[in-house]
Amino acid sequence: MIPDSLPNIPWEEKPMHCRDVIWRYSRNPIIPRDLLLSSNSIFNSAVVPFDDGFAGVFRCDNKKREMNIHRGFSRDGITWQIDEEPIEWITADPGLNHFEYRYDPRVVWLEDRYYITWCNGYHGPTIGIGYTYDFQVFHFLENGLLPFNRNGVLFPRRINDRYLMLNRPSDNGHTPFGDIFLSQSLDMIHWGEHRFVMGTKNGWQNTKIGAGPVPIETPEGWLLFYHGVLTSCNGFVYSFGAALLDLDQPWRVVRRGSPYLLSPQKDYECVGDVPNVTFPCAALYDQPTGRIAIYYGGADTVTALAFTTLDDIRTFLHEHSDG
Ligand code: BMA
């Protein structure tokens, strides 16, 4: 169960000189690439409140450059103990456990358990869906959609009886296109009733977009942080921004911020295995204070943290929205 109040949310006040909506943790990155003996890089990872602290699922690319997801725990959400070995999945169909790759996890508390979604290699990238009750035993449920698809992100509750998942149809490579869609399910296995949510736009999100952290429920709508990709003459640049989706029909966009909120500007975002990438996969929210902590990958190499408040985001979306 995730409480509305999260007094131990990682937090740092906005620096005096900062005029941005989002500010970075002063001691970024919080997870170095070599935290594990076996790791080449640890990035694009997801965390949730768990017990007295936090649990997480981390994307760890190893020194063979295999991409897999590992479990971790933390007291404060900043210093993490991550397993050397990847998560082992229990599945009824052994054919599904054939490992190609697993990456970019998201974790959500939904009804009675933590669901994990990730980009799962199954004859191409698709959305793997699994769950755990305790972060000890992990069950692999199904591939929710056909290849090729990435950035599968579940909503934290059913809406109109349905589970909802944002996703981004793609190709088998470094996809030069991509819009956000929403798919619906009565049982978490069979997905349909697909709806278009939003597409690319000029500027920082001109090539493709994809859902980031699990949407946060607010009185004005679902707050969605999402990444947007610009094609520069030197390759892709991954920034992220925010939108509000309708509470009952979340494929309807209520507001969409036109400037990005954060783009690769610090060394650990600009320099690494893939330069110029900021890629959010998780956000913690403390309702009483409105504090939000966003976890994002830097340059496909390290994990970093940034902060904002719901008020800051609300003001931003009111003042800089293009609908
Ligand atoms: C995307 C995913 C992300 C990665 C990004 C930038 O397609 O593979 O994991 O952060 O590219 O390389």
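Conventions we followed
Residues numbered from 1 in each chain as written. Predicted model: local features only at pLDDT ≥ 70, side-chain atom pairs only at ≥ 80, totals over all residues. Heavy atoms only, no water. Helix = DSSP H or I, 4+ residues; strand = E, 2+ residues; numbered from the N terminus. Rg over C-alpha atoms; globule rule 2.2 N^0.38 Å. Buried < 20%, exposed > 50% of the residue type's maximum accessible area, 1.4 Å probe, protein only. Contact = heavy atoms within 4.5 Å. Lys, Arg positive; Asp, Glu negative; His and termini not counted. Charge placed at Lys NZ, Arg CZ, Asp CG, Glu CD. Pairing = 2+ DSSP bridges.

Draft legend 1. Highlighting the overall build of the chain. Check the secondary structure of the chain and you find two helices and 22 strands. The C-alpha atoms of the chain give 18 Å as radius of gyration, which agrees with the globular expectation for 323 residues (20 Å, within 12%). Taken over the C-alpha atoms alone, the chain extends approximately 55 × 45 × 45 Å along its principal axes. The burial tally for the chain puts 58% of its 323 residues in the buried class. In the chain, of all internal contacts separated by at least 6 residues, the share reaching a separation of at least 24 is 53%. Counting 28 positive and 39 negative side-chain charges, the chain places the averaged centre of each group 4 Å from the other.

Draft legend 2. Layout of the pairing of strand 8 (residues 113-121). Counting buried positions along strand 8 yields nine of nine residues, so the element is predominantly enclosed. Pairing between strand 7 (residues 102-110) and strand 8: seven bridges, direction antiparallel. Across the sheet, residue Val108 finds its bridge partner in strand 8, namely Tyr115. The hairpin formed by strand 7 and strand 8 contains two residues between the paired strands, and Glu111 there has a positive phi angle of roughly 65°. Where strand 8 meets strand 9 (residues 125-132), eight bridges bridge the pair, whose relative direction is antiparallel. If you follow Tyr115 over to strand 9, its bridge partner there is Tyr131. Counting the residues between successive antiparallel strands, the hairpin from strand 8 to strand 9 contains three residues, one of them, His123, with a positive phi of roughly 60°.

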